[in-house]
Amino acid sequence: MAVNAFEGNKAETKTMLPVIEAFMNAHDLSDVTVVADAGMISAANQQAIEAAGLSFILAVKIPEVPYCVRSWQGAHPDEAFADGQIFTQPWPAGPKDQRRDQVIYYQYRHDRARRTLRGIDEQVAKAEQAVAGKTAVKRNRFIALTGATKSVNRTLEAKARALAGLKGYATNLAACPDGAEITPEFVIGAYHRLYLIEKAFRMSKHDLAARPIYHHKRESIEAHLTIVFAALAVSHWIETQTGWSIKKFVRTARRYRTITIQAGPHTITAQDPLPDDVREIIAKIHLAGRH
């Protein structure tokens, strides 16, 4: 694994591809699949990924109710979406497009809809209070300002409610890594494994207390990044070998100490006795380390 640091004023398209290409060269890969959230991939980044001939699975923003969803609603006017229902929208490349054929999958989730609708209700209620003059006008997407006139943007509210529960996933994959046909479940499942990345960053910030610090020299910055990622790698290794979370391991193991005292020619070692569960975990680490 390589750790890279770039200047803060360098565009993402100038940092993302060099890291991906370095990883591919290091592991002799002809293609990788870039999986990213919609907030992390700009239009320029996606174009750069496509221009490099790479595969991707990306979350997509949904500004309007997609055509495939509207078509289903038109054919099923009295039916509600089923939890987990998936809608497929092919997006073939045109003769002049410099890209592969793509597919966008839209999935509906009851829990996602419930959370989104609750947030819409809260924002609309605040907008109504502000329009009525009962509270100050704060940043709220459902408040429409026309000169000095305030109103609740009911059109935007209706569109937001119509999209509640839907999430889009775009991919240009032609086949799974094992050669099997791409399915919506594979694409959506691969995207949701991003939680492992988010978990790693939470682990580094909280469990390892490796929060950002200020450095000015490149050597110091790269040293700090290397230490953090090395600690993260060791933490994952401990979790794999023991079955304990690193949070549980650190909180449990930190209570036990071993000290060595040199008194003249004599060396005295004192240690806290380990309980059975901690002794078993330490034995697993030692055994794995020998292999």
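Bear in mind that the values here come from a model prediction, so they are computed numbers and not experimental data.

Q: If you had to explain the overall build of the protein to someone new, which residues and values would you point to?
A: Each helix and strand counted, the protein has 10 helices and nine strands in total. At 26 Å, the protein has a C-alpha radius of gyration far larger than the 19 Å of a compact globule built from 291 residues. Along the three orthogonal principal directions, the C-alpha set of the protein runs to about 85 × 55 × 45 Å. In the protein, buried positions account for 29% of the 291 residues.

Q: Go over the packing of aromatic side chains, please, and point to the residues and values.
A: Counted under the stated rule, the structure contains five aromatic pairs. Ring plane angle 45 degrees and centroid distance 5.4 Å describe the contact between Trp-72 and Phe-81, whose orientation is recorded as tilted. An identical accessibility class is assigned to Trp-72 and Phe-81; each is buried. Ring centres 5.1 Å apart and planes at 55 degrees place the aromatic pair Phe-81 and Tyr-108 in the tilted group.

Q: Residue-level account of the environment of Glu-280, with values.
A: For Glu-280, the location among the structural elements is in helix α10 (residues 276–290). For Glu-280, a relative accessible area of 52% gives the class exposed. A C-alpha to C-alpha distance of 49 Å links Glu-280 and Val-103, two positions 177 residues apart in sequence.

Q: Now, about empty space enclosed by the protein: what can you tell me, with residues and values included?
A: Scanning the model with the defined rule gives one cavity of 30 Å³ or more in all. The computed volume of the largest cavity comes to approximately 40 Å³. Considering the residues around the largest cavity, the lining is formed by Trp-244, Phe-249, Thr-252, Ala-253, Val-278, Ile-281 and Ile-282. Among the elements of the structure, α9 (246–253) and α10 are those that each provide at least two residues to the lining of the largest cavity. Along the lines of polarity and charge, the residues of the lining of the largest cavity split into six nonpolar, one polar and no charged.

Q: Account for the layout of surface pockets, with residues named and values stated.
A: For the second largest pocket, the calculated volume is near 220 Å³. Around the second largest pocket, the lining is made up of 13 residues, and of these Gln-46, Leu-58, Ala-59, Val-60 and Lys-61 lie nearest the centre. At the level of secondary structure, the elements contributing two or more residues to the lining of the second largest pocket comprise α2 (43–51), β2 (55–60) and β4 (102–108). Considering each element in turn, the lining of the second largest pocket owes the most residues, three residues, to β2. Partitioned by chemical class, the residues of the lining of the second largest pocket number nine nonpolar, three polar and one charged.

Q: Give me the lowdown on the packing of helix α8 (residues 218–242) against α10, citing residues and values where you can.
A: Between α8 and α10, the least distance of the axes is 9 Å, while the angle of their chain directions is 110 degrees. On the basis of their axis angle, the class for α8 and α10 is roughly perpendicular. Across the interface between the two elements, Trp-237, Ile-238, Gln-241 and Thr-242 of α8 pack against Ile-281, Lys-284, Ile-285, Ala-288 and Gly-289 of α10. In the contact of α8 with α10, the residues fall into five nonpolar, three polar and one charged.

Q: For the pairing of strand β9 (residues 266–271), give the residues involved together with the corresponding values.
A: Here β9 lies mainly on the outside; zero of its six residues are buried. Relative to β9, strand β8 (residues 258–263) is paired through six bridges, and the arrangement is antiparallel. Considered in β9, the bridge of Thr-260 is made with Thr-269. Between β8 and the antiparallel strand that follows it, β9, lie two residues; Gly-264 among them carries a positive phi value of about 65 degrees.

Q: Describe α10, naming the residues involved and giving the relevant values.
A: Between its terminal C-alpha atoms α10 stretches 21 Å, which fits the 21 Å expected from 15 residues at 1.5 Å a residue. Taken together, the buried positions of α10 are Val-278, Ile-281, Ile-285 and Ala-288. Seen from one end, α10 has its buried residues packed into an arc of 95 degrees, which puts them on one side. Facing away from the buried side of α10, by more than 90 degrees, are the exposed residues Asp-276, Glu-280 and Arg-290.

Calculation notes
- Residues numbered from 1 in each chain as written.
- Predicted model: local features only at pLDDT ≥ 70, side-chain atom pairs only at ≥ 80, totals over all residues.
- Heavy atoms only, no water.
- Helix = DSSP H or I, 4+ residues; strand = E, 2+ residues; numbered from the N terminus.
- Rg over C-alpha atoms; globule rule 2.2 N^0.38 Å.
- Buried < 20%, exposed > 50% of the residue type's maximum accessible area, 1.4 Å probe, protein only.
- Phe/Tyr/Trp six-rings, centres within 6.5 Å; stacked < 30°, edge-to-face > 60°.
- 1 Å grid on protein atoms, 1.4 Å probe; cavity = no way out; pocket = protein on both sides within 12 Å on 5 of 7 lines; lining within 4 Å.
- Points joined across faces, edges and corners; volume = space filled by probe spheres on them.
- Nonpolar A, V, L, I, M, F, W, Y, C, P; charged D, E, K, R; others polar.
- Axes fitted to C-alpha atoms, helices over the stretch in contact; angles between N-to-C directions.
- Parallel < 35°, antiparallel > 145°, perpendicular 65-115°, else oblique.
- Contact = heavy atoms within 4.5 Å.
- Pairing = 2+ DSSP bridges.
- Expected span 1.5 Å × (residues − 1).
- Arc of directions from axis to C-beta.

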